[in-house]
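# Close look at the chain arrangement
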Amino acid sequence: MDSKNSALNVRKQQATPRGVGVMCQWYAEKAENSTIWDIEGNKYIDFAGGIAVLNTGHCHPKIIAAVTEQLTKFTHTAYQVVPYESYVSLAERINERAPIEGTAKTSFFSTGAEAVENAVKIARSHTGRHGIVTFGNGFHGRSFMTMAMTGKTAPYKRDFGVMPAGVFHARYPVESKGITVDDAIQSIEDIFAEDIAAHDVAAIVLEPVQGEGGFNVVPADFLKRLRTLCDQHGILLIADEVQSGFARTGKLFAMNHYETKADLITMAKSLGGGFPISGVVGRAEVMDAPNPGGLGGTYAGNPVAVAAAHAVIDVIESEDLCERANVLGAELVSVLNTFKTTTNVVTDIRAIGSMVAIELETADQAKAIQNFAMENGLLILTCGRNGNVIRFLYPLTIPTEQFHEGLDILKQGFATLFA
């Protein structure tokens, strides 16, 4: 007799398209903090966090309480039709905390891609220009504009035809790949010389820590020089913090680690603690560029998700999750460094807070570790241009004992497969 998971897999194949790639062959029944149980009662330690959505864990009691309370009031009015105070107060809280120079304003949307698209709209409206410069191996979303901005073809852009025009890709500085800060700056200058004049560029968009690209952390010197370059040519600097935001890197925003300020910051994922909400925060005069009606969306800033976001900020601050990210990240890096010395498969370790990744020589090696972990009750994700990077996105609320249990499974995997 087929298992429940197997039977549901058959139904999935018949009912849903193959274009929605699904990693796990088991189905979630319930989840709490850093644990997921499947429909057969199997238990998994979650080091994936719904792809960086669950910095505050599954079903945090304070978030559930906030959402439950909002459900008794109203679930939707469309903010552009009938506004509500919680949207305004959430914007105020983001404005106070975001590393933006001067007075800030915030607008909310539903998904990360929506936030990035709207940041582009705001930048184009403010500058009167059309060009957008992004970076190789960056990921910005799955809508057409954000696919064009994403610096990786497969699987995101392959087979989907011509992308929107006006997007150009520079090189992202990664020391382990031999791409220096000078190389990256020169690649932007080359774009200005060969593809689009600097005075036609509205914005340069980068992830301060590349997510899907392999957790590459931007050097402070590069950000500083990028800011100078943008100011020289009247270009806006946009930081895409959809994956790196909300305590993951040891600060509320990854940009908090740098003296350099962006003009706009996009956010999503862990802002909502499992509920769909995104946003753009930026300098007030830039954010005010679009005319009334130019920004918005039917579900943008949904009141249930807004309630969750308020609770997320409360939890991050009351439970000191930024410091927790630093403590857990340091311990994980220490363990990963032992793999570097005891095996010959590790080529690099990159970390900032609890945004941690280990790069192996091949994608097959990374997949082997992922499979071993899954078989032993640990859920981890891979990433990187070649799929040879293992990234760690555990909830920052994970109990210490369970965190160590996850690390033990990793140790067993590296010892078994690569000793």
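Up top you'll find the structure we're talking about.
Report follows, based on the coordinates. (Residues numbered from 1 in each chain as written. Predicted model: local features only at pLDDT ≥ 70, side-chain atom pairs only at ≥ 80, totals over all residues. Heavy atoms only, no water.)

### Quick notes on unusual backbone geometry
- Cis geometry is adopted by the peptide bond preceding Pro155, which originates at Ala154 and carries an omega value of 0°.
- The backbone phi angle of Asn137 is positive, close to 70°, even though this residue is not glycine.
- You can see Asn137 is positioned in the loop between β5 (131–135) and α6 (144–149).
- According to the relative accessible area criterion, Asn137 is partly exposed, its value standing at 22%.
- Notably, Lys269 is not glycine yet its phi reads approximately 40°, a positive angle.
- Following the sequence through the fold, Lys269 ends up in the loop between β9 (264–267) and β10 (278–283). (Helix = DSSP H or I, 4+ residues; strand = E, 2+ residues; numbered from the N terminus. Buried < 20%, exposed > 50% of the residue type's maximum accessible area, 1.4 Å probe, protein only.)

### Thoughts on the nonpolar core
- In this structure, Phe47, Phe222, Ile358 and Phe392 are the most contacted members of the largest nonpolar core, which totals 93 residues.
- Among the elements that make up this core, the one with the highest residue count is helix α10 (residues 303–318) (ten residues).
- Non-local contacts of Phe392, meaning those with residues more than four positions away in its chain, are made with Phe47, Phe215, Arg248, Leu332, Leu336, Ser354, Val356, Ala357, Ile358, Ile380 and Leu410.
- Membership of the second largest hydrophobic core comes to 24 residues, among which are Phe109, Val116, Ala148 and Ala300. (Core = buried A, V, L, I, M, F, W, Y, C linked by side-chain atoms within 4.5 Å. Contact = heavy atoms within 4.5 Å.)

### Regarding the packing of aromatic side chains
- By the definition in use, this model includes 16 aromatic pairs.
- Plain terms: the ring middles of Tyr79 and Tyr87 are 3.6 Å apart, the flat faces sit at 10° to each other, and that makes the pair stacked.
- Grouping aromatic residues by their ring pairs yields a cluster made of Phe74, Tyr79, Tyr84, Tyr87 and Phe108.
- Across the ring face of Trp37, the terminal group of Lys30 is positioned such that the distance to the ring centre comes to 4.9 Å.
- Lying over the aromatic face of Tyr394, Arg248 brings its terminal NZ or CZ to 5.4 Å of the ring centre. (Phe/Tyr/Trp six-rings, centres within 6.5 Å; stacked < 30°, edge-to-face > 60°. Lys NZ or Arg CZ within 6 Å of the ring centre and 35° of its normal.)

### Notes on the side chain of Arg129
- As for its placement among the helices and strands, Arg129 is situated in the loop between α5 (112–127) and β5.
- The charged side chain of Arg129 is buried without a salt bridge, its nearest counter-charge being Asp200 at 6.4 Å.
- At 3.3 Å, the side chain of Arg129 and the backbone oxygen of Ala198 are in polar contact.
- A distance of 2.9 Å separates the side chain of Arg129 from the backbone oxygen of Val201, its partner in a polar contact.
- Aside from chain neighbours lying at most four places away, what touches Arg129 is Arg124, Ala198, His199, Asp200, Val201, Ala202, His233, Gly234 and Ile235. (Lys, Arg positive; Asp, Glu negative; His and termini not counted. Salt bridge = Lys/Arg side-chain N within 4 Å of Asp/Glu carboxyl O. Polar contact = N/O pair within 3.5 Å; in protein donor to acceptor, adjacent residues only side chain to side chain.)

### Brief notes about the layout of surface pockets
- One number sums up the size of the second largest pocket: a volume of about 450 Å³.
- Lining the second largest pocket are 19 residues; nearest its centre among them are Tyr87, Thr106, Ser107, Met287 and Leu295.
- When residues of the lining of the second largest pocket are traced back to their parent elements, those giving at least two are α4 (85–97) and β4 (104–109).
- Element by element, the count of residues in the lining of the second largest pocket is highest for β4, at four residues.
- Looking at side-chain class alone, the lining of the second largest pocket contains nine nonpolar, eight polar and two charged residues. (1 Å grid on protein atoms, 1.4 Å probe; cavity = no way out; pocket = protein on both sides within 12 Å on 5 of 7 lines; lining within 4 Å. Points joined across faces, edges and corners; volume = space filled by probe spheres on them. Nonpolar A, V, L, I, M, F, W, Y, C, P; charged D, E, K, R; others polar.)

### Section: the packing of α4 against α10
- For the pair α4 and α10, the least separation of the axes is 9 Å and the interaxial angle reads 35°. In this structure, the crossing between α4 and α10 has a hand that is left-handed. Counting all contacts with α4, which are made through Ser86, Tyr87, Ser89, Leu90, Arg93, Ile94 and Arg97, the residues of α10 involved are Val306, Ala309, His310, Ile313, Asp314 and Glu317. (Axes fitted to C-alpha atoms, helices over the stretch in contact; angles between N-to-C directions. Left-handed = near helix turned anticlockwise from the far one by under 90°.)

### Considerations on the pairing of strand β3 (residues 43–46)
- Bridge analysis of strand β2 (residues 35–38) against β3 gives three bridges, and the strand direction is antiparallel. Residue pairing across strands places Thr35 opposite Ile45, the latter belonging to β3.
- Hairpin connection, β2 to β3: the antiparallel pair is bridged by four residues, and Gly41 has positive phi, about 90°.
- Bridge count between β3 and strand β13 (residues 378–379): two bridges; the pairing is parallel. Looking at β13, one finds that Asp46 is bridged to Leu379. (Pairing = 2+ DSSP bridges.)

### Re the sheet that holds β10
- The sheet built from seven strands is open, its strands ordered β4-β10-β9-β8-β7-β5-β6 with mixed pairing. The strands lining the two open edges of the sheet, one partner per strand, are β4 and β6 (167–170). Ignoring which end each strand starts from, the neighbouring axes of this sheet average 20° apart.
- Judged from the three bridges that link them, β5 and strand β7 (residues 201–206) form a sheet pairing that is parallel. Within β7, the residue paired with Ile132 across the bridge is Ala203.
- Sheet strands in contact with α4 are β4, β9 and β10, and its direction is about 130° off that of β4.
- Sitting on the sheet, α5 is in contact with β4, β5, β7, β8 (236–240), β9 and β10, with an inclination near 30° to β10.

### Here we look at the environment of Glu114
- Residue position: Glu114 is located in helix α5.
- Judged by relative accessible area, which is 23%, Glu114 ranks as partly exposed.
- Linking Glu114 and Ala300, residues 186 residues apart in sequence, is a C-alpha distance of 9.2 Å.
- Setting aside its immediate chain neighbours within four residues, Glu114 contacts Phe109, Ser278 and Gly296.

### Examining the pairing of β10
- Taking burial as the measure, the six residues of β10 include six buried ones, the bulk of the element.
- As judged from the six bridges shared by β4 and β10, these two strands associate in the antiparallel manner. Paired with Ser107 across the two strands is Val280, which belongs to β10.
- Alignment of β9 against β10, held across four bridges, turns out to be antiparallel. For Met267, the partnering residue across the bridge sits in β10 and is Gly279.

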